[in-house]
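# Secondary and tertiary structure notes
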Amino acid sequence: MTKRTEGGTKYDPAALERTERRFFAELFDAVPPGVALAHGVSRAEFGSVQATVTRDLPGVRTLNLLLGAEAADAAPEGFLEEAIGWAREREASPFVLLSPGRPGTAAAERTLAAAGFEQSVDWMRFVRDAHPPRFEVSKEVEVVEVEPDDPDAPFGSIAALGFGLPAWAASLLAPVTGLPDWRCYVAKLDGVPQACGALLLDGEVAELGIGATLEGGRRRGCQLALLRRRIEDAAAAGARTLFVETGARVPGRPSTSYGNLLRAGFEEAYLCQGWSDARLPPG
């Protein structure tokens, strides 16, 4: 069902969620087998539920994620319970996102509570159409696209360091630069790579993600410049709905990424409820 934001942007929640599912599936499927084995990086499908976990990064929600838990059959058919059990067997700490107003949301909430999950951090999903960007970016920032066959591209290392992850996580994130329908970018200041961002083109929907900045590039306009380039490239590729998400706004806690998205013309579409596994380290 097509919906509109308060500002009038049309979007289809089901289409956004299909693209999000593809985003994480392809990210995990691209991880080199040796890295996956050494660090417990796994993906599995349980009916309508997709599970992606990284044992050695228990506090990283985006890399320990259960999607589809609010589907009508996810809880009644036992798919959600199976996915939770599978993640726990792998010593992972899954994070569950529940989209509002779905047929299975209430059943998922009951299943999660019974399994020892607690409500935690919510996520906001943003959308915009493909109209040309109307915001200015710093002329000091140069945005370059990563070549798929460039083994020395700093995309993975910037993403790992920018997100505060251990160095090995660069080899988890870097492979997306060579995937079909993915476009990856690096922002430079004075010729030095300082930030990164990715774009998945999925027909008429495009998802923006993996936006990270090194300490030396923060508060200097790198992410805003990366947003502009990805918006332009998504529109040129035929995308009609652009989609991105970040942690929900919390009173008293400023969020640069939230503000950048609003400045870039994205509108708040809907809030997703986050649930964390209270029996394991926070995820």
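Remember, it's a predicted structure, so these values are computed and weren't measured experimentally.

## Topic: the overall build of the protein
Scanning the protein from terminus to terminus reveals eight helices and 14 strands. Its C-alpha atoms give the protein a radius of gyration of 18 Å, near enough to 19 Å, the size a compact globule of 283 residues would have. Principal-axis analysis of the C-alpha atoms places the extent of the protein at approximately 55 × 45 × 40 Å. Counting every position in the protein, which comprises 283 residues, the buried fraction comes to 52%. Contacts spanning at least 24 positions in sequence make up 72% of the contacts within the protein whose residues lie at least 6 apart. Counting only carbon and sulfur atoms, one obtains 51% of the accessible surface of the protein, whose full area is about 12600 Å². Averaged over its 30 positive side-chain charges, the protein has a centre that lies 5 Å from the centre of its 39 negative ones.

## Description of the pattern of salt bridges
Scanning all chains against the criterion turns up 22 salt bridges. With a closest N to O distance of 2.5 Å, Arg-102 and Glu-17 form a salt bridge. On the criterion of sequence distance, the pair formed by Arg-102 in the loop between strand S6 (95-98) and helix H4 (105-114) and Glu-17 in helix H1 (residues 13-29) is long-range, its members being 85 residues apart. Here Asp-181 makes a salt bridge to Arg-22, at a shortest N to O gap of 2.7 Å. You can see Asp-181 sitting in the loop between helix H6 (170-173) and strand S10 (182-189) and its partner Arg-22 sitting in helix H1, a full 159 residues away along the chain. Assessed through its relative accessible area of 40%, Asp-181 is described here as partly exposed.

## Here's the deal with the layout of surface pockets
Taken as a whole, the largest pocket holds about 1600 Å³ of empty space. For the largest pocket, the lining is made up of 48 residues, of which Phe-163, Gly-211, Glu-245, Thr-246 and Ser-257 are closest to its centre. Only H1, strand S12 (205-213), helix H7 (222-236), strand S13 (241-247) and helix H8 (256-263) provide two or more residues apiece to the lining of the largest pocket. The residue makeup of the lining of the largest pocket, split by class, is 21 nonpolar, 16 polar and eleven charged.

## Side note on the packing of H7 against H8
Packed helices, taken two at a time, are described by the angle between their axes plus the distance between the axes. Remark: H7 packs on H8, axes separated minimally by 10 Å, with the N-to-C direction vectors making an angle of 40°. Taken together, the axis directions place H7 and H8 in an arrangement best described as oblique. The chirality of how H7 crosses H8 is right-handed. When H7 is examined against H8, the residues Gln-223, Leu-224 and Leu-227 are found in contact with a partner set consisting of Asn-260, Leu-261 and Arg-263.

## So, the pairing of strand S3 (residues 41-46)
As paired strands, S3 and strand S4 (residues 49-54) are joined by six bridges and run antiparallel to one another. When the sheet's bridge partners are listed, Phe-46 is paired in S4 with Val-49. Hairpin connection from S3 to S4: two residues lie between these consecutive antiparallel strands, with Gly-47 at a positive phi of about 60°.

## Considering the state of the cysteines
Throughout the structure, instances matching the rule amount to zero disulfides. No disulfide involves Cys-184; its sulfur sits 8.3 Å from the nearest other cysteine sulfur, which is in Cys-196.

## Some remarks on the packing of aromatic side chains
Taken as a whole and assessed by the stated rule, the structure comprises six aromatic pairs. When the centroid spacing of 4.8 Å and the interplanar angle of 40° are considered together, the rings of Phe-23 and Trp-182 count as tilted. With Phe-23 in helix H1 and Trp-182 in strand S10, this pair connects stretches of sequence that are 159 residues apart. Here Trp-182 falls in the buried class, since its relative accessible area comes to 5%. Taking 5.5 Å as the distance between ring centres and 40° as the angle between the ring planes, the aromatic pair formed by Phe-95 and Trp-123 counts as tilted. Of this pair, Phe-95 sits in strand S6 while Trp-123 sits in strand S8 (residues 123-129); the two residues are 28 residues apart in sequence, bridging distant segments of the chain. The burial state of Phe-95 is the same as that of Trp-123; both residues are buried. In textbook terms, an aromatic cluster arises when at least three aromatic residues are bridged by ring pairs, as seen for Phe-23, Phe-24 and Trp-182.

## Describing helix H3 (residues 79-89)
Taken together, the buried positions of H3 are Phe-79, Leu-80, Ala-83, Ile-84, Trp-86 and Ala-87. With its buried residues spanning 165° around the axis, H3 presents them on a single face. Seen from the open side of H3, the exposed residues pointing more than 90 degrees away from its buried face are Glu-81 and Glu-89. Two residues or fewer past H3, Glu-91 is found with a positive phi of approximately 60°.

## Side note on the nonpolar core
Nonpolar side chains tend toward joint burial in soluble globular proteins. One finds Leu-63, Phe-155, Leu-165 and Ile-210 to be the most contacted residues of the largest nonpolar core, which totals 46 residues. Here Phe-155 is in contact with Val-146, Leu-173, Ala-174, Val-176, Thr-177, Cys-184, Tyr-185, Val-186, Cys-196, Gly-197, Ala-198 and Ile-210, once residues within four sequence places are set aside. Judged by nonpolar contacts, the second largest core, of 27 residues, contains Met-124, Tyr-185, Cys-222 and Ala-234.

Conventions and cut-offs
Residues numbered from 1 in each chain as written. Predicted model: local features only at pLDDT ≥ 70, side-chain atom pairs only at ≥ 80, totals over all residues. Heavy atoms only, no water. Helix = DSSP H or I, 4+ residues; strand = E, 2+ residues; numbered from the N terminus. Rg over C-alpha atoms; globule rule 2.2 N^0.38 Å. Buried < 20%, exposed > 50% of the residue type's maximum accessible area, 1.4 Å probe, protein only. Contact = heavy atoms within 4.5 Å. Areas by Shrake-Rupley, 256 points an atom, 1.4 Å probe, with all protein chains shown as cover. Lys, Arg positive; Asp, Glu negative; His and termini not counted. Charge placed at Lys NZ, Arg CZ, Asp CG, Glu CD. Salt bridge = Lys/Arg side-chain N within 4 Å of Asp/Glu carboxyl O. 1 Å grid on protein atoms, 1.4 Å probe; cavity = no way out; pocket = protein on both sides within 12 Å on 5 of 7 lines; lining within 4 Å. Points joined across faces, edges and corners; volume = space filled by probe spheres on them. Nonpolar A, V, L, I, M, F, W, Y, C, P; charged D, E, K, R; others polar. Axes fitted to C-alpha atoms, helices over the stretch in contact; angles between N-to-C directions. Parallel < 35°, antiparallel > 145°, perpendicular 65-115°, else oblique. Left-handed = near helix turned anticlockwise from the far one by under 90°. Pairing = 2+ DSSP bridges. Disulfide = S-S within 2.5 Å. Phe/Tyr/Trp six-rings, centres within 6.5 Å; stacked < 30°, edge-to-face > 60°. Arc of directions from axis to C-beta. Core = buried A, V, L, I, M, F, W, Y, C linked by side-chain atoms within 4.5 Å.

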